[in-house]
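Remarks on the overall topology
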Amino acid sequence: MEQRATASLWEWANPVKFLRLSGWLLPWVSWGAAICLAVGLVWGFFFTPDDFRQGSTVKIIYLHVPAALMAINIWIMMLVTSLIWVIRRHHVSALAAKAAAPVGVVMTAIALVTGALWGQPMWGTWWAWDPRLTSFLILFLFYLGYVALWEAIENPDTAADLTAILCLVGSVFALLSRYAVLFWNQGLHQGASLSLDAEENVHDVFYIPLLVCIAGFVLLFVALLLLRTRTEIRARRIKALQARERAA
Amino acid sequence: MLLSVHDLAVARGGVPVLEGLSFALAPGEALILRGPNGSGKTTLLRTVAGLQPPLAGRIDAASDAIAYAAHADGLKATLTVTENLTFWARVFGTGDIAPALAAFALEDLADRPAGALSAGQKRRLGLARLLVTGRPVWALDEPTVSLDTAAVGLFADAVRAHLARGGAALIATHIDLGLEARHFDVAVCKASPRAAAEDEAFL
Amino acid sequence: MIALLARDLRLAVRAGGGFGLGLAFFLIVTVLVPFGVGPETELLARIAPGILWIGALLACLLSLDRILALDWEDGSLDLLATAPLPLEALVSLKALAHWITTGLPLVLVAPALGVLLSLPAEGYLWILVSLALGTPALSVIGTFGAALTVGIKRGGLLLSLLVLPLYVPTLIFGAEAARRGAEGFSTATPLALLAGITFGTIALLPFASAAVLRINLR
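What counts and how
Residues numbered from 1 in each chain as written. Chains lettered and ligands numbered in written order. Predicted model: local features only at pLDDT ≥ 70, side-chain atom pairs only at ≥ 80, totals over all residues. Heavy atoms only, no water. Contact = heavy atoms within 4.5 Å. Buried area = accessible area lost by both parts, 1.4 Å probe. Salt bridge = Lys/Arg side-chain N within 4 Å of Asp/Glu carboxyl O. Polar contact = N/O pair within 3.5 Å; in protein donor to acceptor, adjacent residues only side chain to side chain. Helix = DSSP H or I, 4+ residues; strand = E, 2+ residues; numbered from the N terminus. Expected span 1.5 Å × (residues − 1). Bend = angle between axes of the 7 residues up to and from the residue. UniProt positions renumbered as here; feature names shortened; annotations may be inferred.

1. Some words on the interface of chain C and chain B
Listed by partner, the interface residues are 21 residues for chain C and 22 residues for chain B. Together chain C and chain B conceal approximately 2000 Å² of surface at their shared face, both sides included; 64% is due to carbon and sulfur atoms. Its largest share of buried area at the contact with chain B, chain C owes to C:Arg14, C:Leu79 and C:Thr82, together 30% of the area lost on that side. The interface formed by chain C and chain B holds 4 salt bridges in total. Between B:Arg46 and C:Asp78 there is a salt bridge, with its nearest N and O atoms 2.8 Å apart. Remark: the boundary between chain C and chain B carries 7 residue pairs in polar contact (both at pLDDT 80 or more).

Written as C-alpha cells, this is what we have:
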C-alpha cells in the first residue's frame with residue numbers, strides 16, 4: 001500500500017528516513033549555527049558598550065546565558081524523547097536522547113565554568129552556593145549518571161528502557177532538588193543580593209546580540225544532535241549487519 | 001489443558017532462536033524437550049514461565065499455573081534446609097514442607113545450612129521447592145544436573161507422583177528419566193537466521 | 001509477604017554484614033570528621049547535624065548493592081518473579097528490609113554519635129526525628145538504584161553515581177530540620193517537606209523500581 005509522503009510525523013522515526021532528512025538538513029543547520037554564533041559573539045564582544053556597573057565582564061552573558069538555557073532544555077528534550085521511546089518505541093527517539101546527553105553535559109559545564117569566571121570579578125569568589133549555581137551543579141550530576149548508565153548496559157534496547165525510566169524519575173528529583181536548594185539557601189544567606197539574575201539586568205543594546213547567540217546555540221545543538229544521532233543510527237546499523245552476517 | 005502454546009516464537013538477547021512452536025499439556029502429561037546446547041530450550045522455558053515476553057504467538061495458561069526451576073536453585077547458604085523450603089512454601093501460600101523433604105530424602109539434612117550441602121543435595125533441595133509451590137505445571141531446566149543415580153530415581157518418582165495428581169511437566173533434559181512422556185525435539189523449530197528484533201529497524 | 005521480610009531480616013542477621021557494617025561505617029565517619037576539621041567544640045557543635053546526616057546517608061549507600069544483587073546471583077530473583085507476589089510488593093519489601101537492617105539502627109545510634117560531636121542538647125530529639133523520617137526515603141530511592149543496576153557486573157560505583165543525586169532533596173530537608181532543631185528554631189517546615197518526600201517516594205517509586213526490575217529480568 002502506498003502512503004502519502006506527509007502521512008504522519010512518526011514516519012521520520014524510521015531510521016532510514018531520518019538519515020535521509022537529517023542528511024539534507026545538517027549542512028543548513030550547521031551553517032546557520034556558524035553564522036549566528038559568529039555574528040552574535042563578535043557583535044556582543046566587540047560592538048556593545050561596557051556595562052556601567054559591571055564593565056566588560058558583562059559580556060560573558062553571550063556564552064553563559066545560552067549555555068545555561070541549553071543545559072536545561074536539552075534535559076527537557078531528553079525527557080520528551082524518552083517518553084516517546086517508552087510509549088511508541090521508536091528507536092530514533094531513544095538514540096536521540098542518548099546523543100543529546102553528552103551535549104547537555106558540555107553545555108552544563110560551560111554554564112558552570114563561565115559562571116565561575118563571571119563570579120570572580122563580580123562577587124569576588126569563583127563559587128558561591130547560590131541556588132541557581134547549585135541547581136546547575138546537581139543537573140550536571142544527573143547528566144553524568146544518565147550518560148554512565150547508557151555506557152554500562154550492553155543490550156541497546158535494555159539500555160534505552162532503563163535510561164528512559166531514569167530520565168523520568170531523575171526529572172522529578174531534579175525539580176525537587178531545585179526547590180530544595182531554593183529552600184536550603186534561604187535558610188543560610190539572604191540569597192537575593194548574591195543571586196545576580198542576568199536576564200533582568202540586560203539592556204536593549206545587549207539584548208539583540210544575546211538573542212542571536214541563543215539562536216546560534218540552539219542551531220549548534222540541533223546540528224550536533226543530528227550529527228550524533230546519525231552516528232548512533234549508523235553504529236546500530238553496523239552492529240545489525242554484523243549480526244546478520246554471523247547468523248547467515 | 002493446563003498449558004497450551006500456539007505458534008510461539010522466542011528470542012535470546014533479541015535474536016530469534018525458536019519459532020512456530022505449538023504444543024499442549026493436559027493433566028497427567030509430561031513433555032520432554034530435547035535439542036543440542038544453545039538450541040533455545042532454556043529460552044523457551046523462561047518464556048513459558050513468564051520471565052520474558054514471547055516474540056510472537058500465544059501461551060495459554062493460568063497466571064499461577066507454572067512453577068519454574070532453573071540452573072540456579074535460589075538457595076540461601078546461611079539458612080537451613082527447612083528454612084529455605086519454609087520460605088518458599090510461605091511465598092507460595094502452601095503449608096506443609098514435610099512431604100517435600102520426604103520426597104527428596106532431605107529429612108536427615110533438615111537442620112543443616114544450605115551452604116554446607118553438596119552440589120547434588122542442593123539440587124535436591126531446589127527440586128523439593130517445586131512440591132511446595134503447589135502449582136500444576138512444572139517447567140524444569142536440566143533438573144538432573146549433579147544428581148546421582150539414586151537421586152535421579154527420587155526425582156523421576158516425584159514427577160510421576162505429580163503427574164498422577166493431575167499435574168503436568170515440561171522438562172528439558174538429556175538423560176532418560178524412564179517417564180511415560182512425549183519427546184519433542186526443539187531443533188525442528190529452529191528459527192531461520194535473521195536479525196535481532198531490536199536490529200530490524202536498522203536494516 | 002511477611003515471609004520475604006522475615007527471610008531478608010534473618011539473612012541480614014546471619015550474614016553479619018547487615019547490621020554491623022553500616023553502623024561501624026557510620027561510627028568511623030563520625031570519628032574521622034573531628035580529625036579533619038579540628039577539635040574545637042564550637043565548630044563541631046555547629047556542623048554536627050550535617051555530619052550525622054551525611055554519615056547516615058553514606059552508611060545507607062554502602063549496603064544498597066546487596067538489596068537485590070545477592071538474590072540476582074543465586075537465582076532467587078527469577079524464582080521470586082514467578083511467585084504470586086507482584087514485583088512492586090517485592091521491591092517495597094526489599095526496601096523495608098533494608099531500612100530495618102540499615103536505616104533504623106543508624107537512627108538509633110545517631111544521638112550517641114551526637115555526643116562525640118558535641119551536638120547541642122536541643123539537637124538530640126531533632127536528629128532522631130529527622131533521620132527517622134528521612135531514612136525510609138533513602139532506602140526506597142536506593143532500591144530503585146539497585147533495581148536499575150542489578151544486571152551490571154561491578155555496578156556498585158555506578159549505583160552510587162545514580163543514587164547520590166537522587167538523595168539531594170532528602171538530605172537538604174533532613175539536615176536542615178536537624179540543624180534548625182539544634183539551633184533552637186522551628187523545624188516544622190523542613191520536617192513537613194521531608195515527610196512529603198518520604199511518603200511520596202514510598203507511594204510512587206516502587207512502581208518505577210518494579211518496571212526497571214522487569215526490564216532487567218527479561
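2. Examining the environment of B:Gly93
Tracing the backbone through its elements, the reader meets B:Gly93 in the loop between helix H2 (81-91) and helix H3 (98-103). Separated by 52 residues in the primary sequence, B:Gly93 and B:Lys41 place their C-alpha atoms 29 Å from one another.

3. Some thoughts on the pattern of salt bridges
Applying the stated rule across the entire model yields 18 salt bridges over all chains. A salt bridge links C:Asp74 to B:Lys76, with the nearest nitrogen and oxygen atoms 2.7 Å apart. Of this pair, C:Asp74 sits in the loop between helix H4 (66-73) and helix H5 (76-81) while B:Lys76 sits in the loop between strand E5 (66-69) and H2, which puts the two residues in different chains. Members of the salt-bridge network, linked through shared partners, are B:Lys76, C:Arg7, C:Asp8, C:Asp71, C:Asp74 and C:Lys94.

4. Remarks on helix H3 (residues 91-123) of chain A
All names here are of chain A. Along its 33 residues, H3 runs 46 Å from first to last C-alpha, staying within 8% of the 48 Å computed at 1.5 Å per residue. In H3, a bend of some 25 degrees at Ala101 exceeds every other bend along the element, and Pro102, a proline, comes one to four places later. One or two steps after H3, the chain reaches Gly124, where phi turns positive at roughly 75 degrees.

5. Focus on the UniProt feature "transmembrane region" (unreviewed entry) in chain A
In the numbering used here, UniProt assigns the feature "transmembrane region" (unreviewed entry) to residues 21-47, 67-87, 99-119, 131-150, 162-185 and 205-227 of chain A. Secondary structure over residues 67-87 of chain A splits into 100% helix and 0% strand, and the C-alpha atoms at its two ends are 30 Å apart.

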